[in-house]
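So you can see what is in the structure, the chains are spelled out below.
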Amino acid sequence: MADPEHRDAEEPAAGDDEDTGAQVAPIVKLEEVAVTTGEEDEDAILDLKAKLYRFDKDGNQWKERGAGTVKLLKHKVTGKVRLVMRQSKTLKICANHLVIATMSVQEHAGNEKSCVWHAADFADGELKDELFCIRFGSVENCKTFMETFQEVAESQQKKEENKDASAAAGLLEKLSVEDEKTEDKASEEVPVAAKEKESESESVKVNAEKKGETSAPST
């Protein structure tokens, strides 16, 4: 009787790549799901890796918010720019706020790779006044971030000024149109009044003539 181990050794083993001809249907059919990031209508004007911190007022200390990619995204229609930062592994949002004209970014004291700024942030689902500090891997990246951030804030300032100027021009134009309408209405009322006065004069004249005819002696 052959040894089982010896018999197994003699029989060729099925190779891993051998095609057995069997077809196995998937147990669960997965459907493609469209994943949206909320950035489809925006263009990235800045994309850098960094580590973000927020200042904890209660503890009077800086706390790490997350390490990942910070972006400045410009909306294709409105032209508004927001700062968004997500953590690398979890993609959790750790910063999400508009860059507006009143914002300014400054180098963090004693560290050329870091800078700080204030913002009304919406990362947690509600607006919070935050003091952020972001640290980059190089001085060049930090300077690029600060310059781009400042350029965006200044462009938003110019945009607001142009908007205010356009609104003022529109208001003046509206007032001018209303003044013209008032003048036109007044000029229309003057002939009507004159015509009414003329009609009254003619009525008085006719009445006087009739009265004269009535009082004249008969011959």
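Bear in mind that the values here come from a model prediction, so they are computed numbers and not experimental data.

Overview of the overall build of the protein
Part 1 of the argument: Each helix and strand counted, the protein has two helices and seven strands in total.
Part 2 of the argument: Walking the protein from its N terminus toward its C terminus, one meets helices and strands in the order α-β-β-β-β-β-β-β-α.
Part 3 of the argument: When each of the 219 residues of the protein is scored for burial, the buried share is 22%.
Part 4 of the argument: In the protein, of all internal contacts separated by at least 6 residues, the share reaching a separation of at least 24 is 51%.
Part 5 of the argument: For the protein, the exposed surface amounts to about 17000 Å²; the carbon and sulfur share of it is 52%.

Let's talk about the pattern of salt bridges
Part 1 of the argument: Applying the stated criterion across every chain yields a total of seven salt bridges.
Part 2 of the argument: We note a salt bridge from Glu 42 to Arg 82, for which the minimum N-O separation is 2.7 Å. Taken together, the residues span a long stretch of sequence, with Glu 42 in strand β1 (residues 42-56) and Arg 82 in strand β3 (residues 81-87) at a distance of 40 residues. Both residues of the pair, Glu 42 and Arg 82, count as buried.
Part 3 of the argument: Here Lys 63 ties to Asp 56 by a salt bridge, and the two come within 3.2 Å at their closest N and O atoms.
Part 4 of the argument: Judged by relative accessible area, which is 10%, Asp 56 ranks as buried.
Part 5 of the argument: A single network of salt bridges, built from pairs that share partners, joins Glu 39, Lys 71 and Arg 86.

What about the packing of aromatic side chains?
Part 1 of the argument: The full count for this structure, using the stated rule, is six aromatic pairs.
Part 2 of the argument: When the centroid spacing of 5.5 Å and the interplanar angle of 50 degrees are considered together, the rings of Trp 117 and Phe 145 count as tilted. Pair noted here: Trp 117 is in strand β6 (residues 114-121) and Phe 145 is in helix α2 (residues 139-215), with a separation of 28 residues, a long-range link.
Part 3 of the argument: When the ring of Trp 117 is compared with that of Phe 149, the centres are 5.7 Å apart and the planes differ by 50 degrees; the resulting orientation is tilted. With Trp 117 in strand β6 and Phe 149 in helix α2, this residue pair connects regions lying 32 residues apart in the sequence.

A short note on the pairing of strand β4 (residues 93-98)
Part 1 of the argument: Examined bridge by bridge, β3 and β4 share five bridges and lie antiparallel to one another. Bridge pairing in β4 places Met 85 opposite Ala 95.
Part 2 of the argument: Connecting the antiparallel pair β3 and β4 is a turn made up of five residues, with Leu 91 showing a positive phi of about 60 degrees.

As for the nonpolar core
Where a protein is soluble and globular, its nonpolar side chains tend to be buried together.
Part 1 of the argument: Membership of the largest hydrophobic core comes to 26 residues, with the highest contact counts inside it found for Val 70, Leu 83, Trp 117, Ile 134, Phe 136 and Phe 145.
Part 2 of the argument: Per-element accounting of this core gives the leading share, six residues, to α2.
Part 3 of the argument: Ile 134 has contacts with Ala 50, Lys 51, Leu 52, Val 70, Met 85, Lys 113, Ser 114, Cys 115, Trp 117 and Phe 145, leaving out every residue within four places of it along the chain.

Criteria and cut-off values
Residues numbered from 1 in each chain as written. Predicted model: local features only at pLDDT ≥ 70, side-chain atom pairs only at ≥ 80, totals over all residues. Heavy atoms only, no water. Helix = DSSP H or I, 4+ residues; strand = E, 2+ residues; numbered from the N terminus. Buried < 20%, exposed > 50% of the residue type's maximum accessible area, 1.4 Å probe, protein only. Contact = heavy atoms within 4.5 Å. Areas by Shrake-Rupley, 256 points an atom, 1.4 Å probe, with all protein chains shown as cover. Salt bridge = Lys/Arg side-chain N within 4 Å of Asp/Glu carboxyl O. Phe/Tyr/Trp six-rings, centres within 6.5 Å; stacked < 30°, edge-to-face > 60°. Pairing = 2+ DSSP bridges. Core = buried A, V, L, I, M, F, W, Y, C linked by side-chain atoms within 4.5 Å.

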